[in-house]
Amino acid sequence: MVKFTVIGGCGSSDLAKRIARKLKATYIKTEKKVFPDGESKITINQIPKKSIVVVVQSTNPPVDSNLLELLSIVSKVQKFSSKVYAVIPYMGYARQDREFLGGEIVTIGVIGKLLKASGVKKVLTVDIHSKLALKELKIPSENVSAMEVLVNHFKKMRIKEPLVVSPDLGGKERAKQFANLLKTDFIALKKHRDRKTGKVTILSGKINVKNRDLIIVDDMISTGGSIFKATQFLKKHKCKRVFVACTHALLVNDAAKKIKNAGVSQIISTNTIPGDSAKVDVSKVISDALR
Ligand code: R5P
């Protein structure tokens, strides 16, 4: 039997403990102290014994600080294990996977280099924003899907004949998979995002959602702009209730309030990022992939 040690970064300690329990692994806690100048000091409260060491840390806000914490923990524990895996349930910077406008830096590639240099042998993540981002890491990596566990949650809600909606064409396959698992139909809206201002516009024409309960499915919610605009558009077409399912609920600033004000009944996300909407546990999906 493979022996694991799980270390939870400060941003992901609850999920890390759940993964450790599933793997019957030793759990090591970390502490982070932030000095007045913004520097952080990371401490692990135990040295790992000979095993595969799994460091769990999402890189949600504070993104760079969480990333540095992950890199610091890895660079410490790689002295005691030749196999250090980074479980990054939410992978920040994955949207910066290509040069959209001239001069932009493909930062996800930089993250890959940093992970490798600190001693990471393998990366495991959940519903990464794009396949290209995974490729740009240029380090052995695996992406697991939370769609099935999210769908299981929605099955229990017993919504009658829901229509699954992707807020953009890029998410069409995700919506199709969600709808297939839920045994229902789906549509994908056409969305435009201004690359300079970030402003979102829905470009779709007339759609038939009248009197249907809807589930908008996305990989992540950041500012809430995409879900806000999609909900406004869907409500204009006289749908019934709107639910939102997503893997990573960053919900920065007043995003949750904005989404609720647009008419969304409930946001359901996974615990890749802790928060009020994180009702779906991905620890089994992650631990199954690690075994
Ligand atoms: C875009 O392609 C993504 O799938 C999400 O729709 C987007 O990143 C969400 O960002 P925001 O909540 O800021 O609109």
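Residues numbered from 1 in each chain as written. Predicted model: local features only at pLDDT ≥ 70, side-chain atom pairs only at ≥ 80, totals over all residues. Heavy atoms only, no water.

Q: Hey, could you run me through the site of the ligand in this one?
A: Around the ligand, the surrounding shell holds 14 residues, and the nearest of these are D218, D219, T223, G224 and S226. With respect to the ligand, the side chain of K191 contributes an N or O atom lying 3.3 Å from an oxygen atom. For the ligand, whose free accessible area comes to 380 Å², the fraction covered by protein is 90%. Tallying contributions element by element places strand β12 (residues 214-221) first for the shell around the ligand, with four residues. (Near = heavy atom within 4 Å. Polar contact = N/O pair within 3.5 Å; in protein donor to acceptor, adjacent residues only side chain to side chain. Areas by Shrake-Rupley, 256 points an atom, 1.4 Å probe, with all protein chains shown as cover. Helix = DSSP H or I, 4+ residues; strand = E, 2+ residues; numbered from the N terminus.)

Q: Looking at this model, I keep getting lost on the pattern of salt bridges. Mind explaining?
A: Overall, the coordinates contain 13 salt bridges when judged by the stated rule. E69 is the partner of K32 in a salt bridge, and the nearest nitrogen-oxygen pair spans 3.2 Å. Of the two residues, K32 is situated in strand β2 (residues 26-34) and E69 in helix α2 (residues 63-77); the sequence distance between them amounts to 37 residues. Residue classification places K32 among the partly exposed positions, given a relative accessible area of 26%. Residue class for E69 comes out buried when judged on its relative accessible area of 0%. Here R212 and D185 are joined by a salt bridge, their closest N and O atoms 2.8 Å apart. With R212 in the loop between β11 (200-202) and β12 and D185 in the loop between α6 (172-182) and β9 (186-188), this pair connects stretches of sequence that are 27 residues apart. (Salt bridge = Lys/Arg side-chain N within 4 Å of Asp/Glu carboxyl O. Buried < 20%, exposed > 50% of the residue type's maximum accessible area, 1.4 Å probe, protein only.)

Q: Looking at this structure, I do not really get the sheet that holds strand β7 (residues 141-144). What am I missing?
A: Strands pair in a sheet through their backbones, by hydrogen bonds, and they do so in one of two ways: parallel or antiparallel. A sheet is described by the order of its strands in space; here seven strands give the open sequence β3-β2-β1-β4-β5-β6-β7, paired in mixed fashion. In this open sheet, the two edge strands, each paired with only one partner strand, are β3 (40-44) and β7. Direction aside, neighbouring strands of the sheet carry axes that sit 20 degrees apart on average. Strand direction decides the pairing type here: strand β1 (residues 4-8) and strand β4 (residues 52-56), joined by five bridges, are parallel. From the neighbouring strand, I7 faces β4, where its bridge partner is V55. Running over the sheet, α2 touches β1, β2, β3, β4 and β5 (84-88) and is turned about 40 degrees from β3. (Pairing = 2+ DSSP bridges. Axes fitted to C-alpha atoms, helices over the stretch in contact; angles between N-to-C directions. Contact = heavy atoms within 4.5 Å.)

Q: How should I be thinking about the sheet that holds β12 in this particular structure?
A: Across the sheet, which stays open at both edges, the six strands sit in the order β9-β8-β12-β13-β14-β15 with parallel pairing between neighbours. At either margin of the open sheet sits one strand with a lone partner, and together these are β9 and β15 (278-280). In this sheet, neighbouring strand axes are inclined to one another by 35 degrees on average, regardless of whether the strands run parallel or antiparallel. Across seven bridges, the pairing between β12 and strand β13 (residues 242-249) is parallel. Bridge assignment links V217 to a residue of β13, and that residue is A245. Along the sheet, helix α7 (residues 225-236) contacts β8 (163-166), β12, β13 and β14 (264-270); its crossing angle with β12, the most-contacted strand, is approximately 165 degrees.

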